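Chains, contacts and geometry: an overview
One-letter residues, chain by chain:
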Amino acid sequence: MAANIDATAQNLSTWTDLSGFSALRQSAQADAKSALPVVAKQFESIFTQMVLKSMRQANFGDPNFDSQAGDSWQGLADQQLAVTLSNQGHGLGIAEMLVRQLGGKDTAAASQGGDDWKSRLGSVARAVGSSVQAVSHFIPGDPADFVTKMAPFAQKAAEKLGVSVRAVLAQAALETQWGKHMPQHGDGTPSYNLFGMKAGSSWDGERVNVPTLEVEGGVPVRRHAAFRAYESPAQSFDDYARLLGDNPRYAQALGKGDDVAGFARGLVQGGYATDPSYAHKIAAIANSPAMRQALDALKNGAIAPTPLE
């Protein structure tokens, strides 16, 4: 069984190690003692990835050179860096601390209290699982995945607003780069704020404070702002539909049907965003091959909707 643990550990040496956690968990059920160091390193790599992600978000960067492709490649590089740091030498020391705390160093005690020891190892596994969920539960891999997960919520919002599902999905895709970026809590958990909705004085729900880019006098300016936070994507879409539907400022955006450009212009006229290209960007995403292919696949049943509750 130790050989199986070693083989699993070797497979966890790249950024795709998150997909190997299930195999590690199965191996640990039969040989918990050998699995603890590998699980501990897995936990350290995930924690390191969350730290790197938070650092990237705190970096203002250069808005003239930022791009979705660059962010995607940077994310992959950070994932690999996190795994490499945790596996080189003593890593950051987090894995060793977990091994000591959970009894990995005391082999005699581990062998005598097998059930209790496995229970403690299970606690680590659950902690790793929670971290994986916090980091990647909502991060779709591509536009098709984003549309698949968000379509049921977008349909409900679109019906209330009298606009197309494509328009609602396009705005959410613009605000989050197809679900990859949104305001996050300090511990790295997502706010599920898919539309960049800020938390004003009338908002009495949860909120997150993060850097944001505003356009003031035609010039991009970095600010800190409070954004609304939700427990699920469904809540975000519901609040979004309520905000637009109940606020007379956005009356020009409602009832546009499949006129995405008209819907987007109505948002800008109501003051939804400061970006002068906001309406153009929504229309471009809505009419992009990626959006149309994803919606066609969903419509034809090639992919089934899998919403996140």
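As annotated in an unreviewed UniProt entry, the protein carries the name Peptidoglycan hydrolase FlgJ and is attributed to Dyella ginsengisoli. UniProt lists a comment for the protein under the heading Subcellular location (unreviewed entry), and it reads "Periplasm". According to its UniProt record, the protein has this under Function (unreviewed entry): "Flagellum-specific muramidase which hydrolyzes the peptidoglycan layer to assemble the rod structure in the periplasmic space."

On to the overall build of the protein. Summing up its helical and strand segments, the protein has 13 helices and two strands in all. Counting all 309 residues of the protein, 40% fall into the buried class. The contacts of the protein with a sequence gap of at least 6 include a subset with a gap of at least 24, amounting to 65%. Only carbon and sulfur atoms are counted for the fraction: they give 52% of the accessible area of the protein, which is about 15700 Å².

The subject of this paragraph is the packing of helix H8 (residues 143-161) against helix H9 (residues 165-176). Two elements in contact, H8 and H9, have axes whose closest approach is 9 Å; the angle formed by their N-to-C orientations is 125°. If you check the angle between H8 and H9, you find them oblique. Judged by the sense of rotation from one axis to the other, the crossing of H8 with H9 is right-handed. Contact residues: H8 offers Phe 146, Val 147, Met 150, Ala 151, Ala 154, Gln 155 and Ala 158, while H9 offers Val 165, Val 168, Leu 169, Ala 172, Ala 173 and Thr 176. Residue composition of the contact of H8 with H9, by class: 11 nonpolar, two polar and no charged.

Segments scoring low in pLDDT should not have their predicted coordinates read at a detailed level. Averaged over all residues, the pLDDT of the protein is 74; the fraction at 70 or higher stands at 59%. Below pLDDT 50 for its whole length, residues 14-19 participates in 15 contacts with residues either more than four positions away or in separate chains.

The next subject is unusual backbone geometry. At Gln 177, a residue that is not glycine, the phi angle is positive and equals roughly 55°. With respect to the element layout, Gln 177 can be found in the loop between H9 and strand E1 (207-216). In this structure, Tyr 192 takes a positive phi of about 60° despite not being glycine. The topology assignment puts Tyr 192 in the loop between H9 and E1.

If you look at the biggest cluster of nonpolar residues, it comprises 46 residues, and the most contacted ones within it are Phe 195, Phe 237, Tyr 240, Leu 267 and Tyr 272. Elements with a minimum of two residues in this core: H8, H9, helix H10 (233-246), helix H11 (260-269), helix H12 (278-286) and helix H13 (289-299). When residues in this core are grouped by element, the largest group, nine residues, is from H8. Those residues in contact with Tyr 240 that sit more than four places away from it in its chain are Ala 157, Leu 161, Val 168, Gln 171, Phe 195, Met 197, Phe 263 and Tyr 272.

Note that Trp 178 resides in the loop between H9 and E1. A relative accessible area of 7% means that Trp 178 is categorised as buried.

A few words now on H8. The end-to-end C-alpha distance of H8 is 23 Å, clearly below the 27 Å that 19 residues give at a rise of 1.5 Å each. The sharpest bend along H8 measures roughly 55° and falls at Ala 151, with the proline Pro 152 sitting one to four residues further on. Residues Phe 146, Val 147, Thr 148, Lys 149, Met 150, Ala 151, Phe 153, Ala 154, Ala 157, Ala 158 and Leu 161 constitute the buried set of H8. Each element contacted by the buried residues of H8 is listed here: H9, H10 and H13.

Right, let's get into the side chain of Arg 228. Relative to the helices and strands, Arg 228 is located in strand E2 (residues 219-228). Overall, Arg 228 belongs to the buried group, its relative accessible area being 11%. Reaching out from Arg 228, the side chain makes a polar contact with the backbone oxygen of Lys 198 at a distance of 3.0 Å. Ignoring anything within four residues of it in the chain, the contact list for Arg 228 reads Ser 191, Asn 193, Met 197, Lys 198, Ala 199, Trp 203, Glu 206, Asp 239 and Leu 243.

Cut-off values and rules
- Just so you know, the residues in each chain are numbered from 1, in the order the chain's sequence is written.
- In keeping with the predicted nature of the model, local features appear solely for residues at pLDDT of at least 70, side-chain atom pairs appear and are counted solely at 80 or more, and the whole-chain, interface and lining totals rest on all residues.
- Hydrogens and water molecules were not included; the side-chain quantities draw on all heavy atoms of the structure.
- UniProt positions are given in the numbering used here, feature names are shortened, and annotations may be inferred rather than shown by experiment.
- Secondary structure elements follow DSSP: runs of H or I of four or more residues count as helices, runs of E of two or more count as strands, with numbering from the N terminus.
- Relative accessibility under 20% of the residue-type maximum defines a buried residue, over 50% an exposed one, and the middle range a partly exposed one, all with a 1.4 Å probe and only protein chains included.
- By definition, residues are in contact when any of their heavy atoms lie within 4.5 Å.
- All accessible-area figures derive from a Shrake-Rupley calculation using a 1.4 Å probe, and residue coverage is judged against the displayed protein chains alone.
- Axis definition: a line fit to C-alpha positions, over the contact stretch in the case of helices; interaxial angles, taken between N-to-C directions, run 0 to 180 degrees.
- Angle categories: roughly parallel below 35 degrees, roughly antiparallel above 145, roughly perpendicular from 65 to 115, and oblique for all the rest.
- Crossing handedness is defined as follows: a turn of the near helix away from the far one that is anticlockwise and smaller than a right angle gives a left-handed crossing, while the clockwise case is right-handed.
- Ten residue types, Ala, Val, Leu, Ile, Met, Phe, Trp, Tyr, Cys and Pro, are classed as nonpolar, four, Asp, Glu, Lys and Arg, as charged, and the remainder, Gly among them, as polar.
- pLDDT expresses how confident the predictor is about each individual residue, on a scale running from 0 to 100.
- Each nonpolar core is a collection of buried residues, namely Ala, Val, Leu, Ile, Met, Phe, Trp, Tyr and Cys, held together in the definition by side-chain atoms within 4.5 Å.
- Multiplying 1.5 Å by the residue count of a helix minus one yields the expected span of that helix.
- Two axes enter the bend calculation: one fitted to the seven residues ending at the residue in question, the other to the seven starting there, and the bend is the angle between them.
- Definition of a polar contact: a pair of N or O atoms within 3.5 Å, with one able to donate and the other able to accept a hydrogen when the atoms are protein atoms, and with sequence-neighbouring residues admitted only if both atoms are side-chain atoms.

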